[in-house]
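Read off the chains here:
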2 protein chains.
Amino acid sequence: MADTKVYRASTTAPVNIAVVKYWGKRDAKLNLPTNSSISVTLSQDDLRTLTTASTSASFSGDDSLLLNGEASDISGARTQACLRELRARRQAVEAANPDLPKLSTYPLKLVSENNFPTAAGLASSAAGFAALVRAVADLYELPETPSDLSLIARQGSGSACRSLFGGYVAWRQGERLDGVDSRADLVAEAAHWPEMRALILVVSAAKKGVSSSSGMQQTVATSGMFKERITKVVPENMRLMEQAIAAKDFPKFAEVTMRDSNSFHATCADTYPPIFYLNDVSKAAIRAVEYINAKAGKTIAAYTFDAGPNAVIYYEEKDAATILGTFYQTLSHIQGWKEGSADAKSDVSLEEGVASVLKDGITRVIQTGVGEGPTKTDEFLIAEDGSPVKR
Amino acid sequence: MADTKVYRASTTAPVNIAVVKYWGKRDAKLNLPTNSSISVTLSQDDLRTLTTASTSASFSGDDSLLLNGEASDISGARTQACLRELRARRQAVEAANPDLPKLSTYPLKLVSENNFPTAAGLASSAAGFAALVRAVADLYELPETPSDLSLIARQGSGSACRSLFGGYVAWRQGERLDGVDSRADLVAEAAHWPEMRALILVVSAAKKGVSSSSGMQQTVATSGMFKERITKVVPENMRLMEQAIAAKDFPKFAEVTMRDSNSFHATCADTYPPIFYLNDVSKAAIRAVEYINAKAGKTIAAYTFDAGPNAVIYYEEKDAATILGTFYQTLSHIQGWKEGSADAKSDVSLEEGVASVLKDGITRVIQTGVGEGPTKTDEFLIAEDGSPVKR
């Protein structure tokens, strides 16, 4: 009698926001970067992808992915690379132990959901590929470490490799052509510096700009100053950032974060034709952070921007009242504030010009902080009979 | 009987807009730059400063300057440096010929007017210092060449040194500590490539940003990529730009112009804290130029931005209908169009998103083109009795 059992594994995976940015590929197919990077993993209470992977001899047809309730095309080279690598590792396990079911030969059914609106314009691909890789690895009961799995997630989306860990995570660029040394590792657990918070200001963007994948290729090809970034600026920022995290030195963490974001967006502006991810609302957020720090007389907030206009503002819990109170004064009308934000008291009032640009241009806030890595869960998006769970 | 004669000289001087940008001082007092630069001198029919310099033994008190009808403070180090240098050269002339009147010992009265609104936010200091230096040099009947005088104007405002010439002008950075080799020279007369036109899109700016003088100091001090610009990017752009001008190769001229503007603003964005001169309107102008070039299937327009949001768009006369017609469609409601612009026919219609940003954000256009250098004139702003002419 054929084995009709449905094997399942479910995991959540986090979003990460880099403080030393990944921008530039030395190998586009393998997603090998031109420089190392460091990120903070954000709490999955606020931002996470939940993915259930399942497989069974009773499944027919091709592998499939249901993403946020809709069938998703997984024929692309990046997803295929991840699934191929995961299957190859399962085959190795099966070859070593012939008693194991031949899961590698069955079709995969994947169901995935984000707990945050896609409209927020947050790069969800990092959490998505990390969850996919982690869930299938769990399904296949692979012995690989998170760092090993980061090699696979990296091929789905570069920054996804950093979402295999919680806390403070480095992606080492590596030197090898086959990319096996281009992997994520842990700089520090979330518990080492649990006070790190992030306030995300979601900017309404009329239109998505240049995709990061094509944008970074254009930068590598045309920016006259890019080489300086990858050979001098980033190595120094990596060194300083690891020191700052080890010492929990927020002012140093903040300065490197802001400088590196500036440097990354400068190389975008130096691309030909130029790429602009920051708009006037983003710049108002920068001015607001500078103003808060000036009023505080020390650096208590740091802005950073990925390949889009949204501002991510890092701060420590002890300064929550000042940071949240200042922005709440201007942005109390928009959604996303957690309970208690209205009570946050700040002496800082943003300048009228900055405040009005933010008021008009920010559509949502997300309050979060440093968090844990992928977590196995009993919450399944696929029932025991292999059908998607209705939600 | 005392000599009561009022000696007068009057000159006009042009604005110039760099196509390889000056940004960064190696000596702030002497205005010695970190890199060479090249500009196009714009026609004085559209943008010029008219300055009359006068002096007389009958004048009493300190040197004075009446600028656009208002008394101007000339006690600043930069203006004083120019006047001191000019007097020193006159003294040399007087020492060599004792029969000459001792103009160097008399007070100077200067009256100056721009033919363009200060509100336009165009850097008028280049034309202003060039006119001041040229007018006083004429008053003093100095034998110095324009290149010699550029050394003096440079000390007033760096880019002013390029306004001593018409056409296509280079400012050679020089190497000497005393700056005597940091001077302007002619790359090509206006007559060599008279077809060069410029359309200036004046952007309404709520507030003046960081001044260029302090901005460039901050960039030198904090940008991690600035050194690459001055040591590699600019020298290459200088070489290519001189080739392009010699060959009247517009596509090459245009690409270097746009790349160098991008590179300059990238170093501003890489400054800490970052400096942003371009706003969302400026970026819409960039997209418009890219769109026009894409539609034309070749490069017929080039954007460049100084330390502010205004776009300067260079093009050749043969493409005037396309360039003017395209922008006129969107901006017909604002002032500054020359006669005939309404008749300029273009097949290019800007995308709605770009057009609406331009329509809301551009307050004025200025249509001009390459032009001549400072020109002696019989139009005096000071009467023969030494009093300002009522206008």
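Given the structure is predicted, the values throughout are model-derived calculations rather than measurements. (Residues numbered from 1 in each chain as written. Chains lettered and ligands numbered in written order. Predicted model: local features only at pLDDT ≥ 70, side-chain atom pairs only at ≥ 80, totals over all residues. Heavy atoms only, no water.)

Engineer: Account for the relation of the copies chain A and chain B, naming residues and giving values.
Structural biologist: When chain A is brought onto chain B, the operation consists of a screw motion whose angular component is 180° and whose axial shift is 0.0 Å, with 0.0 Å RMSD remaining. When the rotation and shift are considered jointly, the pair of chain copies conforms to a two-fold rotation axis. By C-alpha distance to the rotation axis, the residue of chain A lying nearest is Ala266(A), at 2.2 Å. Comparing contact sets, 97% of the residues at the interface of chain A also lie at the interface in chain B, consistent with an isologous, same-surface contact. (Least-squares fit on C-alpha atoms with pLDDT ≥ 70 in both. Contact = heavy atoms within 4.5 Å.)

Engineer: Before we move on, can you summarise helix H9 (residues 352-361) of chain A with the specific residues and values?
Structural biologist: All names here are of chain A. Those residues of H9 that sit buried are Val354, Ala355, Leu358 and Gly361. Buried residues in H9, looked at end-on, bunch into an arc of 145°, giving them a common side. Exposed side chains of H9 directed beyond 90 degrees from the buried face belong to Glu352 and Asp360. On the buried face of H9, the contacting elements are strand S12 (196-203), helix H7 (280-296), helix H8 (320-331) and strand S15 (362-369). (Buried < 20%, exposed > 50% of the residue type's maximum accessible area, 1.4 Å probe, protein only. Helix = DSSP H or I, 4+ residues; strand = E, 2+ residues; numbered from the N terminus. Arc of directions from axis to C-beta.)

Engineer: Account for the interface of chain A and chain B, with residues named and values stated.
Structural biologist: Facing 30 residues of chain A, the contacting portion of chain B comprises 30 residues. At the boundary of chain A with chain B, total buried surface from both sides reaches about 2,500 Å², with 58% on carbon and sulfur atoms. Our count for the contact surface shared by chain A and chain B stands at 0 salt bridges. Of the residues forming the side of chain A that touches chain B, the biggest block, 8 residues, is contributed by helix H6 (residues 250-269) of chain A. Here the residues of the side of chain A that touches chain B sort into 13 nonpolar, 7 polar and 10 charged. (Buried area = accessible area lost by both parts, 1.4 Å probe. Salt bridge = Lys/Arg side-chain N within 4 Å of Asp/Glu carboxyl O. Nonpolar A, V, L, I, M, F, W, Y, C, P; charged D, E, K, R; others polar.)

Engineer: I'd like to hear about the environment of Gly386(A), residue by residue, with values.
Structural biologist: All names here are of chain A. Structurally, the position occupied by Gly386 is in the segment after strand S16 (375-376). Separated by 327 residues in sequence, Gly386 and Phe59 place their C-alpha atoms 8.1 Å apart. Apart from residues no more than four positions distant in its own chain, Gly386 is found in contact with Val6, Phe59 and Lys109.

Engineer: Please set out the sheet that holds strand S13 (residues 301-304) of chain A residue by residue, giving values where relevant.
Structural biologist: Strand pairs in the sheet, formed through backbone hydrogen bonds, run parallel or antiparallel to each other. Residue and element names in this part refer to chain A. A sheet is described by the order of its strands in space; here 4 strands give the open sequence S13-S14-S12-S15, paired in antiparallel fashion. Among the strands making up the open sheet, the edge pair consists of S13 and S15. Across the sheet, the axes of successive neighbouring strands diverge by a mean angle of 20°, strand direction being ignored. Of the pairings in the sheet, the one linking S13 to strand S14 (residues 311-316) comprises 4 bridges and is antiparallel in character. Each bridged residue has a counterpart across the sheet, and for Thr304 the counterpart in S14 is Val312. Contacting S12, S13 and S14, H6 crosses the sheet at an angle of about 20° to S13. Of the strands in this sheet, S12 and S15 are in contact with H9, which crosses S15 at around 95°. (Pairing = 2+ DSSP bridges. Axes fitted to C-alpha atoms, helices over the stretch in contact; angles between N-to-C directions.)

Engineer: I'd like a description of the nonpolar core, backed by residues and values.
Structural biologist: Grouped together as the largest cluster of nonpolar side chains are 69 residues, with contacts concentrated most on Leu201(B), Phe253(B), Tyr314(B), Phe327(B) and Leu358(B). A domain-level breakdown of this core finds at least three residues from each of domain 1 (5-189) and domain 2 (194-367) of chain B. Counting 68 residues, the second largest nonpolar core, distinct from the first, contains Leu47(A), Phe250(A), Ile323(A) and Val354(A). (Core = buried A, V, L, I, M, F, W, Y, C linked by side-chain atoms within 4.5 Å. Domains from an automatic or database assignment.)

Engineer: Could you give an account of the packing of helix H1 (residues 77-96) of chain A against helix H2 (residues 125-139) of chain A, naming the residues involved and the relevant values?
Structural biologist: All names here are of chain A. At a minimum axis distance of 10 Å, the contact between H1 and H2 shows a crossing angle of 20°. The orientation of H1 relative to H2 falls into the category roughly parallel. The hand of the H1/H2 crossing is right-handed. Only Phe129, Leu132, Val133, Val136 and Ala137 of H2 make contact with H1, whose side of the interface consists of Arg78, Thr79, Cys82, Leu83 and Leu86. Grouping the amino acids of the contact of H1 with H2 by side-chain chemistry returns 8 nonpolar, 1 polar and 1 charged. (Parallel < 35°, antiparallel > 145°, perpendicular 65-115°, else oblique. Left-handed = near helix turned anticlockwise from the far one by under 90°.)

Engineer: Talk me through the domain arrangement of chain A; I want residue IDs and the actual numbers.
Structural biologist: All names here are of chain A. Per the domain assignment, the segments of chain A are domain 1 (5-189) and domain 2 (194-367). Centre-to-centre, using C-alpha coordinates, domain 1 lies 27 Å away from domain 2. In this complex, domain 1 contributes 28 residues to the contact, which on the side of domain 2 involves 39 residues. Note on domain 1 versus domain 2: buried area summed over both sides is about 2,800 Å², and carbon and sulfur give 70% of it. Considering only the side of domain 1, the residues that lose the most area to domain 2 are Val19, Lys21 and Trp23, jointly responsible for 31% of the buried surface there. Across the domain 1-domain 2 interface, the total number found is 3 salt bridges. A salt bridge links Glu242 to Arg172; its shortest N-O distance comes to 2.8 Å.

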